[in-house]
Amino acid sequence: MAELIGLKLEQRHGKSRVRVSRVWRDRDGKHHFAEWSVNISLLSDCLPAYVAGDNSDIVATDTMKNTVYAKAKECSEQLSAEDFAIVLAKHFTSFYQQVTAAIVNIVEKPWERVSIKGQQHKHGFKLGSERHTTEVMVDKSGALCVTSGIEGLSILKTTKSGFEGFIRDQYTMLPETRERMMATEVTASWRYSFESLSSLPLKPLYFTERYMDVKEVLLNTFFGPSKEGVYSPSVQATLYEMAKAVLGRFPDISFIQLKMPNLHFLPVNLPSKDNPVIVKFDDDVYLPTDEPHGTIQATLSRIRSKM
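The chain is annotated in an unreviewed UniProt entry as Uricase of Datura stramonium. The UniProt entry for the chain carries the following text under Catalytic activity (unreviewed entry): "urate + O2 + H2O = 5-hydroxyisourate + H2O2".

Structural data, given as structure tokens:
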């Protein structure tokens, strides 16, 4: 933050949507693949560029783009999106004196290994659905903030859901029910408790493993046991249980936010010539809505005990 005459100026510039993919090849012929879309934002002391047209302290966006490619090449061992974001952020804050902090966002495409006749293919992949996201912020002191997340996780159960007991007034048309479909598209983000580069776990692919673990807990809580499931009295209640389960399971996660819009499947009503009275197909034919209706969102954080 630079001070001018009666003004304060926060300087930030960066490069968005740098697409890069990386292949790692094991000695036994098995390949690993990742595709990332990288966004970089640098907080830097380059006031002359704004007030005097002097670009001598500016890190060019072309440089940022090429750095992504070069650092991806240098990563000879498979690593997570979080670890690659940390590599980039550490580089920009240590290599350039004027850069005080770096924020790196990465969205990973969900390429999944295919199986042929029950056997995993060594170099074949298919594109999945939900996306793995991360945001890493590093400053010159080594202070760190790592946030991971999921986007586009579409889930549905055809029963064990209801909605009743809500406020009813002259504007309410929605009937109460204990039997409905429940569908949503989960967007989740969670922040890790690591606050410095020195506190990061040394285990390879730690963040990839934790991402898969969190996704499993979210799904298990939403669906319940495979045979009997679990009843949901509302999206709000299920969202809260999902977030609480993540914090309860993983002590290295200090904060989680969930967004879960309702994706409605409405029972179809059809009149006919022979029977002008509406015929209801209560439980087998549905009209899926194209857009989400209503957004349910909540944030849970750990409460730190005061010493």
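Draft legend 1. Looking closely at helix H4 (residues 206-223). In this model H4 runs 26 Å from its N-terminal to its C-terminal C-alpha over 18 residues, within 8% of the 26 Å that 1.5 Å per residue would give. Residues of H4 that are buried: Tyr206, Phe207, Arg210, Tyr211, Asp213, Val214, Lys215, Val217, Leu218 and Phe222. Looking at the buried positions of H4, the neighbouring elements they touch are helix H3 (81-95), strand E8 (131-139), strand E9 (144-157), strand E10 (182-192), helix H5 (235-249) and strand E11 (253-262). Immediately beyond the C-terminal end of H4, within one or two residues, lies Gly224, with a positive phi of roughly 80°.

Draft legend 2. Representation of the pairing of E10. With eight of eleven residues buried, E10 is to be regarded as a mostly interior element. Alignment of E9 against E10, held across nine bridges, turns out to be antiparallel. Following the sheet pairing, Ser148 is matched in E10 by Trp190. Inspection of the sheet shows E10 paired to E11 by seven bridges, in the antiparallel sense. Bridge pairing in E11 links Thr184 to Asn262.

Draft legend 3. The nonpolar core, seen in detail. Trp36, Val38, Phe84 and Trp190 are the most contacted members of the largest nonpolar core, which has 60 residues in total. When neighbours within four sequence positions are excluded, Val38 is seen to be in contact with Lys15, Ser16, Arg17, Val18, Val20, Val68, Phe84, Leu88, Val104, Asn105 and Ile106.

Parameters at a glance
Residues numbered from 1 in each chain as written. Predicted model: local features only at pLDDT ≥ 70, side-chain atom pairs only at ≥ 80, totals over all residues. Heavy atoms only, no water. UniProt positions renumbered as here; feature names shortened; annotations may be inferred. Helix = DSSP H or I, 4+ residues; strand = E, 2+ residues; numbered from the N terminus. Expected span 1.5 Å × (residues − 1). Buried < 20%, exposed > 50% of the residue type's maximum accessible area, 1.4 Å probe, protein only. Contact = heavy atoms within 4.5 Å. Pairing = 2+ DSSP bridges. Core = buried A, V, L, I, M, F, W, Y, C linked by side-chain atoms within 4.5 Å.

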